[in-house]
Amino acid sequence: YWKAAIEAGGCFGIHLGQEDLASCVDAGGLDLIRDAGLAFGVSTHSYSELCAALGVRPSYISLGPVFSTQSKDVKFDPQGLETVRQWRSLIPPDIPLIAIGGIGNADVAKVVRGAGAECSAVIGAVTKADDVKKAVEALNAAME
């Protein structure tokens, strides 16, 4: 889908999982993504995947799932806050770390921020909120 995103135009960026990352690299896609001026993120779940992500110097790196999640069937156990801290220490400071998975509200997002993630990607924290506007405002405040 990364090719379609480039061709469509108007996208902020492209996020790739590890399987798509390999095929994108093989096809010369990283240069195309960068030439298009798009942000480029990579998912990580293990040290080997983190090494692969660091090797392509993305705009940001995501780690997940940090906690158990019901939003998506994932093949990896929850990483926990200690892994967030470890990732932050291993990733250059100019590459943001995005935490994903099981971050169900602003209080949890604030704890994850304190562990070193610059941002949290959420689903249920917004879609299951009684007041979506207040939930988004609280999540934004938690990231400050």
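Treat the numbers as computed from the prediction; the structure is a model and nothing was measured.

**Q** I'm lost on helix H8 (residues 132-142) in this one. Help?
**A** Residue pairs spaced three or four apart in an α-helix point in one direction, given the helix's 3.6 residues per turn. Listed in full, the buried residues belonging to H8 are Ala-135, Leu-139 and Ala-142. All buried residues of H8 fall inside an arc of 60° around its axis, so they share one side. Residues of H8 that are exposed and angled more than 90 degrees away from the buried face: Lys-133 and Lys-134. Buried residues along H8 sit in contact with helix H6 (106-115) and helix H7 (124-127).

**Q** Is there a simple way to think about the sheet that holds strand E3 (residues 60-63) in this case?
**A** Across a sheet, strands are paired by hydrogen bonds formed along the backbone, either parallel or antiparallel in direction. Taken in spatial order, the five strands make up an open sheet running E1-E2-E3-E4-E5, and their pairing is parallel. Every other strand in the sheet has two partners, leaving strand E1 (13-16) and strand E5 (119-121) as the edge strands with one partner each. Strand-to-strand twist across the sheet, computed as the mean angle between neighbouring axes with direction ignored, equals 25°. Pairing analysis gives three bridges linking strand E4 (residues 97-100) to E5, with the strands arranged parallel. What sits directly across from Ile-100, in E5, is Ala-121.

**Q** Explain the environment of Arg-57 here, please?
**A** Looking at where Arg-57 falls in the secondary structure, it is placed in the loop between helix H4 (47-56) and E3. Residue Arg-57 is classed as partly exposed on the basis of its relative accessible area of 43%. When sequence neighbours within four positions are dropped, the list of residues in contact with Arg-57 reads Arg-34, Pro-92, Asp-94 and Ile-95.

Rules used throughout
- Residue numbers here run from 1 along each chain, matching the order of that chain's written sequence.
- Where totals are concerned, whole chains, interfaces and linings use all residues; where local detail is concerned, this predicted model gives features only for residues with pLDDT of at least 70, and gives and counts side-chain atom pairs only at 80 or more.
- Here the side-chain values reflect all heavy atoms present in the structure, with hydrogen atoms and water set aside.
- Whether a residue is buried, partly exposed or exposed follows from its accessible area with a 1.4 Å probe, protein chains only, as a fraction of its type maximum: under 20%, in between, or over 50%, in that order.
- Secondary structure is summarised from DSSP: a helix means a run of H or I of at least four residues, a strand means a run of E of at least two, and numbering begins at the N terminus for each.
- Here the arc refers to the directions that run from the helix axis out to each C-beta atom.
- Two residues form a contact once any of their heavy atoms are found within 4.5 Å.
- Only strands that DSSP links by at least two bridges are regarded as paired with each other.
- To get an axis, fit a line to the C-alpha atoms, keeping to the stretch in contact for a helix; angles then go from 0 to 180 degrees between the N-to-C directions.

Geometric descriptors of this kind do not, in isolation, establish any biological role.
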